[in-house]
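Single-letter residue listing:
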Amino acid sequence: MREFAVFWGCTIQARFPFIEKSTRLVLESFGLPYRDIDGFTCCPEKSLVNNVDRGAFVLTAARNVALVDELGLDLVSPCTGCVSNLSTVKGELNSDPREKAEVNGLLREVGREFKGASKLQHLVPFFHDTVGIHKIKQKIKRDFAGMRIALHYGCHMIRPSHALKNDDPLNPVKFDNIIRGLGAESLQFLTKLMCCGQGLDRVDAHDRALDFARVKLKELKAIGADALVLCCPSCFLQFDNNQFLMEKEGEKLGVPVIYFTELLGLALGYDATELGMTSHRVDCSPFISKWEALSRRPSPSASMEAGLTGPSALG
Amino acid sequence: MLETRLNFKLLEMCSRCGACYSICPSCMNIPGYDPREVIRDILSGDHERWLSSRHIWECLECHYCVEICYQHYGFENAMTALRMVAAKKGMHPPQVKRGWDMFVKTGKLGEPALPARKKFGLPEPKASGGDEFRKLYALLKEKRGEAK
């Protein structure tokens, strides 16, 4: 496996350092060759930067990709937005030599060059494709059998597909495969692929953002999901923080929101506090206590195995 | 330099299709949000009235429309173009202005939360590329002949 730089992005480092914590714990447990490198900036956030100045959007993303290009590293990020934006610009420049030359003309003046050779991956498809589910299964100490998990892919994990090329953009399966690999049931529900709506919270439309959060959270409550699992800081903000704000207004939905790295961390044997899950705004303890109660119950095979291996077995 | 254009030929096809309308989350959840109306106005040269509409900022850039579009073009290109024109006229929402200001000043949308990093035993954050970014952005503006 090629060495890779982790692109943390602004939101995780500024608002959710516990996500960085669980990601590091997981990467280290698997002994993955990751590095932190100097010089990254905002990816940049597309809806914000691209709308105001497209040139700044392209140039900033190209510069970030140039940093890993130079070091001969790949890039992996626990943020869907960052990977989607960087990949969009990488794909665009690789298919448009004239724009690429224009960008490199400017980058050269600060001593950089965009080659567009490095692989850019989001953490979930990275675990699916590069680490592999068999490896995950070997490594975990406890699975999630009996737990009912609702997945939220996050639009930018899979779209735009021409730039990301990592899953079916309208019927993705990789995240589901991993969750099933961890032994949990991945629930299928109407709003599964609905956009979280957090973007509305960045354009002075907070109430609309809450409307979006409410649609999905209400369905999850109705079908009795044990948790909403996702791997995007923006979606996390939407479902954890905004759910908490709704709770404060008296609308109790009570759906724990768990980051992919936290779920994996739990399976690897870390506890919720170590993983920083106690920093969530919406309480995760209903999920943890159900899981613990399940693991105290003997597995269905226990008594039969005892019969086969005990002193009276087979004479 | 590093700018974009709308493809009116493709939009002409869009005006007769509307597949995106069936999958767009904003169409489903925001009353009055309708790509077909916007495209019709753009094609008839009447895009101005959308510049002050909050609907153009309610496109979530989820890229669903691009994926379902048989031209792989998508309604989002029309919305992005309208947002760009609106932003050039200074008509973007205050929150977008604040975010942009922070981005241009620091190259980031937030600095690492240091006390929390300590609490979780996280390493010192790596150096930001903010200075180099500002230099690069100044070069871009210079090249376009804009004031620094």
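All values reported here derive from a predicted model rather than from experimental measurement. (Residues numbered from 1 in each chain as written. Chains lettered and ligands numbered in written order. Predicted model: local features only at pLDDT ≥ 70, side-chain atom pairs only at ≥ 80, totals over all residues. Heavy atoms only, no water.)

## A short note on the sheet that holds strand 4 (residues 120-122) of chain A
Residues and elements named next belong to chain A. Threshold: Strands were regarded as paired on the criterion that DSSP finds at least two bridges between them. Each helix is a run of H or I in the DSSP string that is no shorter than four residues. Each strand is a run of E no shorter than two, and both are numbered from the N terminus. The contact criterion used is simple: two residues touch if any of their non-hydrogen atoms lie within 4.5 Å. Here, axes are lines fitted to C-alpha atoms. For helices the fit covers the stretch in contact, and angles between N-to-C directions go from 0 to 180 degrees.
The parallel open sheet is built from four strands, whose spatial order is 2-1-3-4. Each having just a single partner strand, strand 2 (34-35) and strand 4 make up the two edges of the open sheet. Here three bridges tie strand 1 (residues 4-6) to strand 3 (residues 74-77), and the two strands are oriented parallel to one another. From the neighbouring strand, V6 faces strand 3, where its bridge partner is V76. Strands strand 1, strand 3 and strand 4 of the sheet are contacted by helix 7 (residues 123-131), whose axis makes an angle of about 100° with strand 4.

## Examining the packing of helix 5 (residues 80-95) of chain A against helix 6 (residues 97-108) of chain A
All names here are of chain A. Basically, it comes down to this: Roughly parallel here means an angle under 35 degrees, roughly antiparallel means over 145, roughly perpendicular means 65 to 115, and every remaining angle is called oblique. Just so you know the grouping, Ala, Val, Leu, Ile, Met, Phe, Trp, Tyr, Cys and Pro go in nonpolar, Asp, Glu, Lys and Arg go in charged, and all remaining residues, Gly too, go in polar.
Running from N to C, helix 5 and helix 6 cross one another at 110°; their axes reach a closest spacing of 5 Å. Looking at the two axes, helix 5 sits roughly perpendicular to helix 6. The segment helix 5 lies against helix 6, with E92, L93, N94 and S95 engaging P97, E99, K100 and V103. Here the contact of helix 5 with helix 6 is built from residues that sort into three nonpolar, two polar and three charged.

## Re the domain arrangement of chain A
Residue and element names in this part refer to chain A. Heads up, the rule is: Residue ranges labeled as domains rest on an automatic or database domain assignment. Throughout, buried area stands for the accessible area (probe radius 1.4 Å) lost by two parts on being put together, summed over both. When a carboxyl oxygen of Asp or Glu is within 4 Å of a side-chain nitrogen of Lys or Arg, the pair counts as a salt bridge.
For chain A, the assigned domains read domain 1 (4-122) and domain 2 (130-296). Taken residue by residue, the interface counts 26 residues in domain 1 and 31 residues in domain 2. Its largest share of buried area at the contact with domain 2, domain 1 owes to F18, F30 and T80, together 27% of the area lost on that side. Where R202 meets E45, a salt bridge forms, and the shortest distance between an N and an O atom there is 3.3 Å. Elements supplying a minimum of two residues to the side of domain 1 that touches domain 2: helix 1 (9-15), helix 2 (17-29), helix 5 and strand 4.

## A few points about the interface of chain B and chain A
Put simply, the rule reads: Throughout this description, a polar contact denotes any pair of N or O atoms lying within 3.5 Å of each other; where both atoms belong to protein, one of them has to be capable of donating a hydrogen while the other can accept it, and for residues adjacent in sequence the pair is counted only when both atoms sit in side chains.
With 62 residues of chain B at the interface, the matching set in chain A holds 64 residues. Our count for the contact surface shared by chain B and chain A stands at six salt bridges. Note that E61 of chain B is salt-bridged to K46 of chain A, the shortest N-O span being 3.4 Å. Where chain B touches chain A, the interface holds 22 residue pairs in polar contact (both at pLDDT 80 or more). Listed by contribution, the elements that provide at least two residues to the side of chain B that touches chain A are helix 2 (25-29), helix 5 (64-68), helix 6 (75-88), helix 7 (94-106), helix 8 (114-119) and helix 9 (130-143) of chain B. Broken down by element, the residue count for the side of chain B that touches chain A peaks at nine residues, all from helix 9 of chain B. A breakdown of the residues in the side of chain B that touches chain A according to their chemical character gives 31 nonpolar, 14 polar and 17 charged.

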